[in-house]
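One letter stands for each residue in the lines below.
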Amino acid sequence: MAVKIITSENFEAEVLNAKEPVLVDIWAPWCGPCKMLSPIVDEVAEEAQGFSVAKINADENPDLVNKFHVMSIPTLLVFKNGEVVNKSVGLITKDEVKALLA
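Now for a description of the structure that goes with this document. These numbers were taken from a predicted model, which means no experiment stands behind them.

### Looking at the overall build of the protein
Part 1: Helices and strands together make up the secondary structure of the protein, namely four helices and five strands.
Part 2: Across the protein, helices and strands are ordered from the amino to the carboxyl terminus as β-α-β-α-β-α-β-β-α.
Part 3: By the compact-globule yardstick of 13 Å for 102 residues, the protein fits well, its C-alpha radius of gyration being 12 Å.
Part 4: Referenced to the eigenvectors of the C-alpha coordinate spread, the extents of the protein come out at roughly 30 × 30 × 20 Å.
Part 5: Out of the 102 residues belonging to the protein, those deemed buried represent 42%.
Part 6: If you take every contact in the protein between residues at least 6 apart in sequence, the share linking residues at least 24 apart comes to 69%.
Part 7: Surface exposure of the protein reaches about 5,600 Å², of which carbon and sulfur atoms provide 54%.

This is the structure we're talking about:
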């Protein structure tokens, strides 16, 4: 499944109103650890079953960054039924990303 690009405009429809859990990667182009995590998130998206994967550019969507009190990137948030049910900050392994969704 392809990674969805999330903006302030489509956040509610794609994440909050999603029928399945959504793994959201909050990143920025200048962030080294984000660049290292991105291919891992892409791999998880390729294998996604029962959840979807989305990315939010922190620089382009500061309102969403503030709304979820993101202090450091990369931050992964898992949304289920419109609520954050899990969170990880910093670079983690593919297995750790999958564990967030378990």
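From this point, the narrative continues.
### Re the sheet that holds strand 3 (residues 52-57)
Backbone hydrogen bonds are what pair the strands of a sheet, in a parallel or an antiparallel way.
Part 1: On the basis of which strands lie adjacent, the open sheet formed by five strands has the order 1-3-2-4-5 and mixed pairing. A single partner strand is all that each edge strand has here, and the edge strands are strand 1 (4-6) and strand 5 (83-89). If you compare each strand with its neighbour and ignore which way they point, the axes differ by 25° on average.
Part 2: Across six bridges, the pairing between strand 4 (residues 75-80) and strand 5 is antiparallel. By the bridge assignment, Thr75 is partnered in strand 5 with Val89.
Part 3: Packed on one face of the sheet, helix 2 (residues 32-46) meets strand 2 (22-27), strand 3 and strand 4 and runs near 155° to strand 3.

### Concerning the environment of Val53
Part 1: Considering the arrangement of structural elements, one finds Val53 in strand 3.
Part 2: The sequence separation of Val53 and Ser8 amounts to 45 residues, and the corresponding C-alpha distance is 16 Å.
Part 3: Residue contacts for Val53: discarding those within four places in its chain leaves Ala2, Val3, Lys4, Leu23, Val41 and Ala45.

### As for the pattern of salt bridges
Part 1: Under the criterion given, the structure shown has five salt bridges.
Part 2: Its salt-bridge partner being Lys94, residue Glu47 comes within 2.6 Å of it at the nearest N-O pair. Of this pair, Glu47 sits in the loop between helix 2 and strand 3 while Lys94 sits in helix 4 (residues 94-101), placing them 47 residues apart in sequence.
Part 3: Note on Lys94: relative accessible area 22%, which makes it partly exposed.
Part 4: Here Glu47 and Lys98 are joined by a salt bridge, their closest N and O atoms 3.0 Å apart. Here Glu47 is found in the loop between helix 2 and strand 3, whereas its partner Lys98 is found in helix 4, with 51 residues between them in sequence.
Part 5: Accessibility expressed as a relative area gives 39% for Glu47, which makes it partly exposed.

### Describing the packing of aromatic side chains
Part 1: Inspection of every chain in the model, using the stated rule, returns three aromatic pairs.
Part 2: Both rings, one in Phe11 and one in Phe68, keep their centres 5.5 Å apart while their planes meet at 55°; by these two values the pair is tilted. Of this pair, Phe11 sits in helix 1 (residues 11-16) while Phe68 is found in the loop between helix 3 (62-67) and strand 4, placing the two residues 57 residues apart along the sequence. Take Phe11 and Phe68: they sit in the same class, and that class is buried.
Part 3: Ring plane angle 80° and centroid distance 5.7 Å describe the contact between Phe11 and Phe79, whose orientation is recorded as edge-to-face. Of the two residues, Phe11 sits in helix 1 while Phe79 sits in strand 4, which places them 68 residues apart along the sequence. Of the two residues, Phe11 and Phe79, both sit in the buried class.
Part 4: Put simply, the rings of Phe11, Phe68 and Phe79 pair up and form one aromatic cluster.

Each value, and the rule that gives it
All residue numbers here refer to positions counted from 1 along the written sequence of the relevant chain. Local features in this predicted model are restricted to residues of pLDDT 70 or higher, and side-chain atom pairs are both shown and tallied only at a pLDDT of 80 or more, whereas totals for entire chains, interfaces and linings draw on every residue. Hydrogens are left out, water is left out, and the side-chain values use all remaining heavy atoms of the structure. Helical segments are the DSSP runs of H or I of at least four residues, strand segments are the runs of E of at least two, and each set is numbered from the N terminus. Put simply, the radius of gyration uses C-alpha atoms, and a globule should come to 2.2 Å times the residue count raised to 0.38. The rule is simple: take the accessible area with a 1.4 Å probe, protein chains only, and divide by the maximum for that residue type; under 20% is buried, over 50% is exposed, in between is partly exposed. In what follows, residue pairs with any heavy atoms lying within 4.5 Å of each other are defined as contacts. In this description, accessible areas are obtained by the Shrake-Rupley approach with a 1.4 Å probe, and a residue is regarded as covered only by the protein chains that are shown. Pairing between two strands is assigned when DSSP locates at least 2 bridges connecting them. For every element, the axis is a line fit to its C-alpha atoms; helices are fit only across the contacting stretch, and the angle between N-to-C directions ranges from 0 to 180 degrees. Salt bridge, as used here, is a side-chain nitrogen of Lys or Arg placed within 4 Å of a carboxyl oxygen of Asp or Glu. Aromatic contacts are taken between Phe, Tyr and Trp rings whose centres are within 6.5 Å, Trp giving its six-membered ring; a plane angle under 30 degrees counts as stacked, one over 60 as edge-to-face, and the others as tilted.

Any functional reading would require information beyond the geometric quantities listed.
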